[in-house]
Amino acid sequence: MNMTKVILKKIRKEMPVILPPGAKGEIAKALGCGRATVWAALVNNRRGPVADKIRAYVLEKYGRVVAEKEVNND
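Summarised in this report is the structure supplied together with it.

1. A short note on the nonpolar core
Ranked by size, the top nonpolar core spans 9 residues in total: Ala23, Ile27, Ala28, Cys33, Val38, Ala41, Ala51, Ile54 and Val58. Secondary-structure elements contributing two or more residues to this core are helix H1 (23-31), helix H2 (35-43) and helix H3 (49-62).

What follows is the structure, given as structure tokens:
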């Protein structure tokens with residue numbers, strides 16, 4: 001029986017306090033929405049599928065890693 005050991009990394013990220021210059025426009029273009037929509041999702045904590053998608057994108061692309069943990073499949 002072939003048992004392969006898999007090690008996964010769990011990474012916890014934190015939303016950035018300040019986005020780099022031009023990031024709102026880049027996010028809007030990548031997700032097909034306006035800069036005002038990006039701003040509202042990040043600053044006003046708007047709810048809805050578009051706002052959730054924006055926050056997930058920002059967290060993935062610009063989020064700061066605050067914790068890393070290796071998880072074994074033992």
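2. A word on the packing of H1 against H3
One can describe the packing of H1 onto H3 by two numbers: an axis separation of 11 Å at closest approach and a directional angle of 120°. The orientation of H1 relative to H3 falls into the category oblique. H1 and H3 meet at a crossing whose hand is right-handed. Between H1, through Ala23, Glu26, Ile27, Ala30 and Leu31, and H3, the contact on the second element is made entirely by Lys53, Ile54, Tyr57, Val58, Lys61 and Tyr62. When the residues that make up the contact of H1 with H3 are grouped by side-chain class, the tally is 8 nonpolar, no polar and 3 charged.

3. Considerations on unusual backbone geometry
Within the chain, asparagine 45 stands out as a residue other than glycine whose phi angle is a positive 50°. One can find asparagine 45 in the loop between H2 and H3.

4. Here we look at the pattern of salt bridges
Across all of its chains, the model carries 3 salt bridges by this definition. Of the charged contacts, one joins glutamate 14 and arginine 64 as a salt bridge, the two residues approaching to 2.5 Å between their closest N and O atoms. With glutamate 14 in strand E1 (residues 7-14) and arginine 64 in strand E2 (residues 64-72), the pair connects residues that are 50 residues apart, well separated along the chain. Judged by relative accessible area, glutamate 14 falls into the partly exposed class, the value being 35%. The shortest N-O distance in the salt bridge between arginine 55 and aspartate 52 comes to 3.0 Å.

5. With respect to the packing of H1 against H2
Orientation of H1 relative to H2, taken along the N-to-C sense of each, is 105°, at an axis distance of 8 Å. Taken as axis vectors, H1 and H2 run roughly perpendicular relative to one another. Across the interface between the two elements, Lys24, Gly25, Ile27 and Ala28 from H1 touch Arg35, Val38 and Trp39 from H2. Of the residues contributing to the contact of H1 with H2, the split by class is 4 nonpolar, 1 polar and 2 charged.

Cut-offs used in this document
Residues numbered from 1 in each chain as written. Predicted model: local features only at pLDDT ≥ 70, side-chain atom pairs only at ≥ 80, totals over all residues. Heavy atoms only, no water. Core = buried A, V, L, I, M, F, W, Y, C linked by side-chain atoms within 4.5 Å. Buried < 20%, exposed > 50% of the residue type's maximum accessible area, 1.4 Å probe, protein only. Helix = DSSP H or I, 4+ residues; strand = E, 2+ residues; numbered from the N terminus. Axes fitted to C-alpha atoms, helices over the stretch in contact; angles between N-to-C directions. Parallel < 35°, antiparallel > 145°, perpendicular 65-115°, else oblique. Left-handed = near helix turned anticlockwise from the far one by under 90°. Contact = heavy atoms within 4.5 Å. Nonpolar A, V, L, I, M, F, W, Y, C, P; charged D, E, K, R; others polar. Salt bridge = Lys/Arg side-chain N within 4 Å of Asp/Glu carboxyl O.

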